[in-house]
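One-letter residues, chain by chain:
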Amino acid sequence: MWQPRVIMQDGVLMPFAEARVHPLSPGFAYGAAVFEGIRAYRDPASGRLALFRLKEHLDRLAFGMKIMRFERTFEEGYLRDRINEVIRANEPDDDVYVRVLVYVATVSPMTTATPVSFTVAALPREKPKYAEGMHLGVSSWHRLSDNASPPRVKSTANYHSSRLTILQARADGYDGALLLTRNGKVSETPIACVFFVRDGKLVTPSLSSDILESVTRDTIMRLHQDMTGVPVIEREIDRTEIYLAEEAFVCGTGQEVIPVVSFDKLPVGDGKVGPVTAHLRQRYFDVVHGKTADYDAWRTRVN
Ligand SMILES: Cc1ncc(COP(=O)(O)O)c(C=O)c1O
């Protein structure tokens, strides 16, 4: 597996291990930071890398910078060029996971909104996990709410809650957790969105279920609609519905598509990976790797 050699801070490339942020900066001390995780996949035929849905990730980053009231923001074209530069400089020979972080890096009060710094890193892609499915438990932690620490903003501060949730789930013997909103409706996992098959229909929590507006969720919805002609149903989902589901899976840029085979130690369907999940998972991997000519507009070649 290739290893990261260089990282970029404020447009300057430096050895990977030499990146620095002061511990008294609001970015570190108060979570004054937003970020994106973006994948670049290698087309097996040409060997060339393409970033998947780069524009949508950079649009979400721009939204995050706005909500954070950062006074200096970065244009999409500028960041796209910097991402390309970092990938090239690392000379990867396989898929890449890109992390873009924007934060207040100077030693300053909590509410400081400028100057804003950025970091771009490129990391190797780990092998996809849990092909046989994950076992999730419903967490006793609630999902963050929109008017407190909005999940729609991909801020580093939100991952304090994600971390507590994952650590609790592992301590309880699960692979991961499913979070409910404060109203007890299904939201998402600490790091991914969730889909269910109920009565043969694909269902996912609505955008007002305190979820991140996930790029992969949108991708799955498009792929499903294009494959079947039937739209995915976005709605509120009750906790007990998860025990009735015939199939379930989680999805995200990092997690990609992972089947869920039990919730709270109760099997989902027959406890095996179901056909809808298996089909969508395969389709997702084909599309991101450019094995199909469809959806070319979603792939930005690394030049
Ligand atoms: C809480 C949460 N939900 C959903 C997702 C999936 O988002 P995306 O598909 O845009 O990567 C992530 C990904 O990091 C996440 O952290």
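Remember, it's a predicted structure, so these values are computed and weren't measured experimentally.

## Describing the packing of helix H5 (residues 215-228) against helix H7 (residues 275-288)
Helix-helix packing: each pair is described by the crossing angle between the helix axes and the interaxial distance. In contact at an axis separation of 10 Å, H5 and H7 are set at 110° when each is read in the N-to-C sense. In terms of orientation, H5 lies roughly perpendicular with respect to H7. Seen from H5, the contacting residues are Thr216, Thr219, Ile220, Leu223, His224 and Met227; seen from H7, they are His279, Leu280, Arg283, Tyr284 and Val287. Along the lines of polarity and charge, the residues of the contact of H5 with H7 split into six nonpolar, four polar and one charged.

## Brief notes about H5
The end-to-end C-alpha distance of H5, which contains 14 residues, comes to 20 Å, matching closely the 20 Å that a straight helix rising 1.5 Å per residue would cover. Inspection of H5 places Val215, Thr216, Arg217, Thr219, Ile220, Met221, Leu223 and His224 among the buried residues, and these make up the whole buried set. One side-chain oxygen at the N-terminal end of H5 lies 3.1 Å from the backbone nitrogen of Thr216; it belongs to Ser214.

## Re the environment of Tyr243
By secondary structure assignment, the location of Tyr243 is in helix H6 (residues 241-244). You can call Tyr243 partly exposed: its relative accessible area is 26%. In the structure, Tyr243 is positioned 11 residues away from Gly254 in sequence and 26 Å away in space, judged by C-alpha atoms. Ignoring any residue separated from it by four or fewer positions in sequence, one finds Tyr243 in contact with Val138, Phe263, Asp264 and Leu266.

## Digging into the environment of Arg239
Counting through the fold element by element, Arg239 comes out in the loop between strand E11 (233-235) and H6. Spatially, the C-alpha atoms of Arg239 and Lys185 are 6.1 Å apart, while their sequence positions differ by 54 residues. When near neighbours in sequence (up to four residues on either side) are disregarded, Arg239 contacts Val138, Leu180, Gly184, Val186 and Asp264. Engagement of the side chain of Arg239 in a polar contact is seen with the side chain of Tyr243, the distance being 3.0 Å.

Rules behind the numbers
- Residues numbered from 1 in each chain as written.
- Predicted model: local features only at pLDDT ≥ 70, side-chain atom pairs only at ≥ 80, totals over all residues.
- Heavy atoms only, no water.
- Axes fitted to C-alpha atoms, helices over the stretch in contact; angles between N-to-C directions.
- Helix = DSSP H or I, 4+ residues; strand = E, 2+ residues; numbered from the N terminus.
- Parallel < 35°, antiparallel > 145°, perpendicular 65-115°, else oblique.
- Contact = heavy atoms within 4.5 Å.
- Nonpolar A, V, L, I, M, F, W, Y, C, P; charged D, E, K, R; others polar.
- Expected span 1.5 Å × (residues − 1).
- Buried < 20%, exposed > 50% of the residue type's maximum accessible area, 1.4 Å probe, protein only.
- Polar contact = N/O pair within 3.5 Å; in protein donor to acceptor, adjacent residues only side chain to side chain.

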